[in-house]
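Each chain, letter by letter, is given below.
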Amino acid sequence: MKHILIIITIILSPFFSFAQNSIKTEKIKVEGNCSMCKKRIENAAYVKGVKRADWNVEDQTLTVVYNTAKTSSEIIQQCIAKAGHNAENVAALEADYEKLPACCHYKTNLDKH
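Throughout what follows, the structure given in this document is the object of discussion. (Residues numbered from 1 in each chain as written. Predicted model: local features only at pLDDT ≥ 70, side-chain atom pairs only at ≥ 80, totals over all residues. Heavy atoms only, no water.)

Topic: the pattern of salt bridges
Think of it this way: side chains of opposite charge can pair up when their charged atoms draw near. To be explicit about the condition: The salt bridge definition used is simple: a Lys or Arg side-chain nitrogen within 4 Å of an Asp or Glu carboxyl oxygen. When accessible area is computed with a 1.4 Å probe and restricted to protein chains, residues below 20% of their type maximum are described as buried, those above 50% as exposed, and intermediate ones as partly exposed. Secondary structure counts use DSSP, requiring at least four H or I residues in a row for a helix and at least two E residues in a row for a strand, with both numbered from the N terminus.
For the structure on display, the rule yields six salt bridges. Where K24 meets E26, a salt bridge forms, and the shortest distance between an N and an O atom there is 3.9 Å. We classify K24 as partly exposed; its relative accessible area is 39%. E26 sits in the buried class, given a relative accessible area of 19%. A salt bridge links E94 to K107, with the shortest nitrogen-to-oxygen separation between them at 3.0 Å. Of this pair, E94 sits in helix α4 (residues 94–98) while K107 is found in the segment after α4, placing the two residues 13 residues apart along the sequence. The partly exposed category is assigned to E94, whose relative accessible area is 43%. For K107, a relative accessible area of 43% corresponds to the partly exposed category.

Now the structure itself:
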């Protein structure tokens, strides 16, 4: 019985070490203005595999914790850009940007609340 447990442990140990190493924390620059932007950016960042997303309005940085086996920084940034916000390596399309409320138009910064 003891030998069987040792063999099972040896066989399964690579799977457990892989799962632990697949969690990554990353900071991504994301443009926005206000608390409405914060909610939209964080919601857009929550794709499958994302454990936590927190956008800071002062330094325009999204801190995201995600499972690299399920998603990537590129996928997260594409989703944020689709929501109308420029992410570090992916720019939002003008049509998506124009859908934002006036107070969220970060390119002009005319309306803050």
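Resuming the write-up.
Focus on unusual backbone geometry
A positive phi is found at Q60, a non-glycine position, where the angle reads about 55°. Relative to the elements of secondary structure, Q60 occurs in the loop between β2 (50–56) and β3 (61–67).

As for helix α3 (residues 73–82)
Every α-helical turn comprises 3.6 residues, leaving residues that sit three or four positions apart pointing alike. Here is the rule: To be clear, the arc concerns the directions from the helix axis to the C-beta atoms. Only heavy atoms matter for contacts: two residues are in contact if any of them lie within 4.5 Å across the pair.
Turning to α3, its buried residues are S73, I76, Q77, I80 and A81. Buried residues in α3, looked at end-on, bunch into an arc of 135°, giving them a common side. The secondary structure elements touched by the buried residues of α3 are β1 (23–29), α2 (35–45), β2, β3 and α4. Of the residues trailing α3, G84 is marked for its positive phi of about 105°.

A closer look at the packing of α2 against α3
As a reminder, the rule being used: Angles run from 0 to 180 degrees between N-to-C directions of axes, and those axes are lines fitted to C-alpha atoms, restricted for helices to the stretch in contact. Oblique is the label for any angle not covered by the other classes, which are roughly parallel (under 35 degrees), roughly antiparallel (over 145) and roughly perpendicular (65 to 115). In this scheme the handedness of a crossing depends on how the near helix is turned from the far one: anticlockwise by less than a right angle means left-handed, clockwise means right-handed. Ten residues, namely Ala, Val, Leu, Ile, Met, Phe, Trp, Tyr, Cys and Pro, are considered nonpolar, four, namely Asp, Glu, Lys and Arg, are considered charged, and the remaining ones, Gly among them, are considered polar.
α3 packs onto α2 with a crossing angle of 140° between their chain directions and a minimal axis gap of 8 Å. For the element pair α2 / α3, the angle class is oblique. Pair α2 / α3 crosses with right-handed handedness. Touching I41, A44 and A45 of α2 are I76, C79 and I80, all from α3. Among the residues forming the contact of α2 with α3, the class breakdown is six nonpolar, no polar and no charged.

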